[in-house]
Amino acid sequence: MVASQEGKEAVVGILSPGEFFGEGCLIGQPLRLATAKAMTDSQVVRVSKAEMLRVLHAEPTFSELFMAHLLTRNSRVEEDLVDQLFNSSEKRLARTLLLLANIGKDGGPQPITTPISQETLAEIIGTTRSRVSLFMNKFRKLGFIEYNGHLEVHSSLLSVLLRE
C-alpha cells in the first residue's frame, strides 16, 4: 500500500503465500516505497541483506527462484500500469478479480477466501467504493461472480475484458 501526501491510498499488489517483498533493500533503496499489511493471519520471515546476498551467491537454485520472482513481479507491475492507463475501472475490476481467483493459471479458478472489501478493491483499481459496488452488482446479476460466504469468480468474467 502507498499513500500520497494528501492521504490518498492505493493498494499496489496482493501477494500470495511464499512470495518475497521488501527486495528493494538489496539495491540500497533508502526508503520503503510501500507498506505491507497482512489481510489474514500470516507468518513473515525476515532475512538480513547480508544473508540474502550470501544465499544468492552460494545457492544457484535459490538464485533462479528469486530471479523468477523478480521477473514475474516486474511483468505484473508493467501489466498493472498498462491496465491503469488504458482500461476503464470496470475492466480493471474484472482483471483484478480474475487474477485473485487464479483464472488462467495452473490449478484453475479458486474461490477468493481471503476477505477483501470493496474499499480495498477500489484502492487496487483506482476508483471509488461506490463504483466497485456498482460493477460487483452488475457482475453478480450477469452470473460472472457469486457471493457464498466467499467470492467466486467465473471464467465468463473474461468477456468483460474482451469487450471493446
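Residues numbered from 1 in each chain as written. Predicted model: local features only at pLDDT ≥ 70, side-chain atom pairs only at ≥ 80, totals over all residues. Heavy atoms only, no water.

Draft legend 1. Focus on the side chain of Arg92. Within the element layout of this structure, Arg92 appears in helix α3 (residues 89–100). Buried and unpaired, Arg92 has no salt bridge, with Asp83 as the nearest side chain of opposite charge at 5.2 Å. Among the polar contacts made by the side chain of Arg92, one reaches the main-chain carbonyl oxygen of Asn87 at a distance of 2.7 Å. Each residue touching Arg92, except ones within four places of it in the same chain, is listed here: Asp83, Gln84, Asn87, Ile125 and Gly126. (Helix = DSSP H or I, 4+ residues; strand = E, 2+ residues; numbered from the N terminus. Buried < 20%, exposed > 50% of the residue type's maximum accessible area, 1.4 Å probe, protein only. Lys, Arg positive; Asp, Glu negative; His and termini not counted. Salt bridge = Lys/Arg side-chain N within 4 Å of Asp/Glu carboxyl O. Polar contact = N/O pair within 3.5 Å; in protein donor to acceptor, adjacent residues only side chain to side chain. Contact = heavy atoms within 4.5 Å.)

Draft legend 2. Representation of the packing of α3 against helix α4 (residues 118–125). Interaxial distance between α3 and α4 falls to 10 Å at its minimum, and their mutual angle equals 110°. Accordingly, the angle class assigned to the pair α3 and α4 is roughly perpendicular. Handedness of the crossing formed by α3 with α4: right-handed. Packed against α3, whose contacting residues are Ser89, Arg92, Leu93, Thr96, Leu97 and Leu100, the element α4 presents Leu121, Ile124 and Ile125 at the interface. Considered class by class, the residues forming the contact of α3 with α4 number six nonpolar, two polar and one charged. (Axes fitted to C-alpha atoms, helices over the stretch in contact; angles between N-to-C directions. Parallel < 35°, antiparallel > 145°, perpendicular 65-115°, else oblique. Left-handed = near helix turned anticlockwise from the far one by under 90°. Nonpolar A, V, L, I, M, F, W, Y, C, P; charged D, E, K, R; others polar.)

Draft legend 3. Fine view of the pattern of salt bridges. In this structure the tally under the stated criterion is eight salt bridges. The closest approach of N and O atoms between Arg54 and Glu51, which form a salt bridge, is 2.8 Å. With Arg54 and Glu51 both in helix α1 (residues 49–58), this residue pair falls three residues apart, about one helical turn. In this structure, the salt-bridge partner of Arg95 is Glu79, at a minimum N-O distance of 3.6 Å. One end of the pair, Arg95, is in helix α3; the other, Glu79, is in helix α2 (residues 60–86), and 16 residues separate them in sequence. Residue classification places Arg95 among the buried residues on the basis of a relative accessible area of 14%. Owing to a relative accessible area of 40%, Glu79 belongs among the partly exposed residues under this scheme.

Draft legend 4. Layout of the packing of aromatic side chains. By the definition in use, this model includes four aromatic pairs. Ring centres 6.3 Å apart and planes at 55° place the aromatic pair Phe139 and Phe144 in the tilted group. We classify Phe144 as buried; its relative accessible area is 10%. Pairwise contacts between aromatic rings join Phe20, Phe62 and Phe66 into one cluster. (Phe/Tyr/Trp six-rings, centres within 6.5 Å; stacked < 30°, edge-to-face > 60°.)

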